[in-house]
Amino acid sequence: MDNNETAVSPRKDHIMIVDDDPITRRLMALHLSGPYEVAAAASGFEALELLRDDPLPDIILLDVIMPGIDGLEVCRRLRDNPRWADISVIFITILGDEFDEKKGLELGAVDYIAKPIKRDLLCLRVKNHLRLKRLQNDLHSMVARKSAELTNSLRQIEHKNLELNYLFESMSKIQASRDCYTAEHAMRVAVISVHIGRRLGVSEQELKILEQGCYVHDIGKVAIPDDVLLKPGRFDKQDRQIMEYHPLIGGQIFSRHFAESRMLNIILQHHERLDGSGYPHGLEEAAIDPLARIVMVADVYEALIARRPYKQPMKRDKALTIINNDAERGMFDDSVVDCLIQETVDWDPLTVIFDSSIPYQDVLEKFRQKTYFREPLSEFFNYRYLIFLDDRRLLIPTDTHYHLIRLDFSGLKMVNQRLGYIKTDQIIDTIGIQTNMLVETCRGQKKLGESELMFFRKGAGYLIYSHAAENILESLMNDCRWLVEELCEEYGITPLMSLMKFDKGQDLAMALESLYN
Ligand SMILES: [Fe+2]
């Protein structure tokens, strides 16, 4: 051994002897003081007093019958005190005395030894109990170590789950950057599905998969061209074919890393139907994941009740009637539909609003909308842009009335037959350009803001929206009528103009309906 090294002797085990009989006390101390550190107390009170100091004994040899407090009471107080509760107690009894062993063991004693004390027996018992205690301590340390490791692993799993959630959130934002409606739809479908799932008794673990799967169920739409993805109005056959690729595209995005995941089932199967009428694979009942069965119902319900620039929101009752009818036809799982009905009695999923905070989103969105809402071959926004602005509350101050001017033409059919569709379009365009110049002049002269007076294409005609003063609108309409009549006369068509005033807060879509019906 190096001279600088200090030998560390192993800690001696500590034994405390508690006995009111001095001879027994001394005798036991004599037997044990070689291999162990021994302390002795002549009464229960003295023992408890000594136990206030460190180091605590590993074993207490405790006489049962003592004046003051007896051994059983001392043992009880030891167990009641967390600092002392782990000390092993061996009772010392007198052979032939009536000692309630059961009571002693119930109080937590590990053993008992009968007087007169036999040296070998005492040393062996103490040695064995110390060994047991060491094993127990080792076991406790191992359990504590393993528990710490487990806690650490759980923390790591929690962290990974959190990271995974961020990942899905990021994917939602990717969707939002392409089409904010798809992202909002995904978010609502997730909330509706979790509501249904919870009512159906789906486990918490599956609910997590369900929620995350919903966030990305339409992720394949990122690959769908704008002309289809953002198309206002009804799809034709080809649009539908293109759109129906989205579950497969989404499935392919996820299949590599989530090959066994039920999330993949949600992406691939949310447009399947239990009767085999869905897409992309026409799967039937048993082949469709129960989680996908929930999502398919939530997906349809959200699509029906949501407001979009190209469609009006549908009332809950009407949407549920449609879904119920489809369930009766065997498309949806009845129990899922029942849960949807119950969940939406006093909860409206439209209260869930997607809050997108992507940098430059406003600029990008404005540009995209311009393209989206521009009428083909025309320089004017179509009327859907007006609905969109209203939808976003960007248009009408709620505290003022507004006007709509409708401009249509009769006799276009004849012009079509005579000059062809292209020429007819050019005529309508020319009329639109001239009329819009009048609108812009009016806006400039009256110092109106852009959203106070707007000009839109609607079908083969035009629409003017304004919340400027009524006399300004009447005068503008007269100017327009004069101009349009003159232009129309040239081509043998007749202009039809009407102006309607709407009260403050009147729903724009309903106003349009009354103007055009
Ligand atoms: Fe979808």
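Note that this is a predicted model, so its numbers are computed, not measured. (Residues numbered from 1 in each chain as written. Predicted model: local features only at pLDDT ≥ 70, side-chain atom pairs only at ≥ 80, totals over all residues. Heavy atoms only, no water.)

Caption draft 1: The overall build of the protein chain, seen in detail. In terms of regular secondary structure, the protein chain is built from 20 helices and nine strands. Per-residue burial over the protein chain gives 45% buried out of 517 residues. The long-range share in the protein chain, meaning contacts at least 24 apart out of those at least 6 apart in sequence, stands at 66%. For the protein chain, the accessible surface area stands at approximately 28700 Å², while carbon and sulfur atoms represent 53% of it. (Helix = DSSP H or I, 4+ residues; strand = E, 2+ residues; numbered from the N terminus. Buried < 20%, exposed > 50% of the residue type's maximum accessible area, 1.4 Å probe, protein only. Contact = heavy atoms within 4.5 Å. Areas by Shrake-Rupley, 256 points an atom, 1.4 Å probe, with all protein chains shown as cover.)

Caption draft 2: Region of interest: the coordination of the iron ion. Taken together, D218 (OD), H246 (NE2), H270 (NE2) and H271 (NE2) make up the full set of protein donors to the iron ion, lying 2.0 to 2.3 Å away. In this structure, the iron ion is coordinated by four donor atoms arranged in irregular fashion, with angles at the metal of 85 to 173 degrees. Here the donor residues of the iron ion are spaced in sequence according to D-x27-H-x23-H-H. In this pair, D218 is assigned in the loop between α7 (204-215) and α8 (226-229) and H246 in helix α10 (residues 246-255), connecting sequence segments 28 residues apart. Its relative accessible area of 1% is what places H246 among the buried residues. (Donors = N, O, S within 2.8 Å, 3.2 Å for Na, K, Ca; no water. Tetrahedral: all angles 85-135°; square planar, octahedral: opposite > 155°, others 65-115°.)

Caption draft 3: Broad picture of the packing of helix α13 (residues 316-328) against helix α14 (residues 334-343). The contact between α13 and α14 brings their axes to 10 Å, and the two run at 170 degrees. Taken together, the axes of α13 and α14 lie roughly antiparallel to each other. Here R316, L320, I323, N324 and A327 of α13 lie close against α14, whose contacting residues are D334, V337, L340 and I341. Across the contact of α13 with α14, the residue classes tally to six nonpolar, one polar and two charged. (Axes fitted to C-alpha atoms, helices over the stretch in contact; angles between N-to-C directions. Parallel < 35°, antiparallel > 145°, perpendicular 65-115°, else oblique. Nonpolar A, V, L, I, M, F, W, Y, C, P; charged D, E, K, R; others polar.)

Caption draft 4: The arrangement of the confidence of the model for the protein chain in detail. When pLDDT is averaged across the protein chain, the result is 87; 90% of the residues are at 70 or more. Across residues 1-5, confidence stays below pLDDT 50; counting only partners more than four residues off in sequence or on other chains, it has one contact. (pLDDT = per-residue confidence, 0-100.)

Caption draft 5: The nonpolar core, seen in detail. In terms of nonpolar packing, the biggest core is built from 44 residues, with V216, F254, I323 and F332 touching the most fellow members. Of all the secondary structure elements, the ones that give two or more residues to this core are α5 (119-178), α6 (180-200), α7, α11 (262-269), α12 (290-305), α13 and α14. In terms of residues, this core owes the most to one element, α12, which gives eleven residues. Sequence-distant contacts of V216, that is, excluding residues within four places in its chain, are made with F168, M171, Q175, F254, M263 and I267. (Core = buried A, V, L, I, M, F, W, Y, C linked by side-chain atoms within 4.5 Å.)

Caption draft 6: Up close: the side chain of D63. In this fold, D63 is placed in strand β3 (residues 59-63). In this structure D63 comes out as buried when scored by relative accessible area, which is 4%. Other than its neighbours up to four places away in sequence, D63 contacts V18, D19, D20, G71, I92 and K115.

Caption draft 7: Fine view of helix α20 (residues 508-516). Among the residues of α20, L508, A509, A511, L512, L515 and Y516 are the ones counted as buried. Seen end-on, α20 carries its buried residues on one side only, within an arc spanning 160 degrees. α20 presents M510 and E513 as exposed residues on the side facing more than 90 degrees away from its buried surface. Of the residues flanking the start of α20, the one acting as N-cap is D507, its side-chain oxygen 3.0 Å from the backbone nitrogen of M510. (Arc of directions from axis to C-beta. Polar contact = N/O pair within 3.5 Å; in protein donor to acceptor, adjacent residues only side chain to side chain.)

Caption draft 8: Spotlight on the pattern of salt bridges. Counted by the stated rule, this structure contains 24 salt bridges. In this structure, E206 engages R262 in a salt bridge whose closest nitrogen and oxygen atoms are separated by 2.3 Å. Taken together, the positions of E206 in helix α7 and R262 in helix α11 put the pair 56 residues apart, joining distant regions of the chain. For R262, a relative accessible area of 23% puts it in the partly exposed group. (Salt bridge = Lys/Arg side-chain N within 4 Å of Asp/Glu carboxyl O.)

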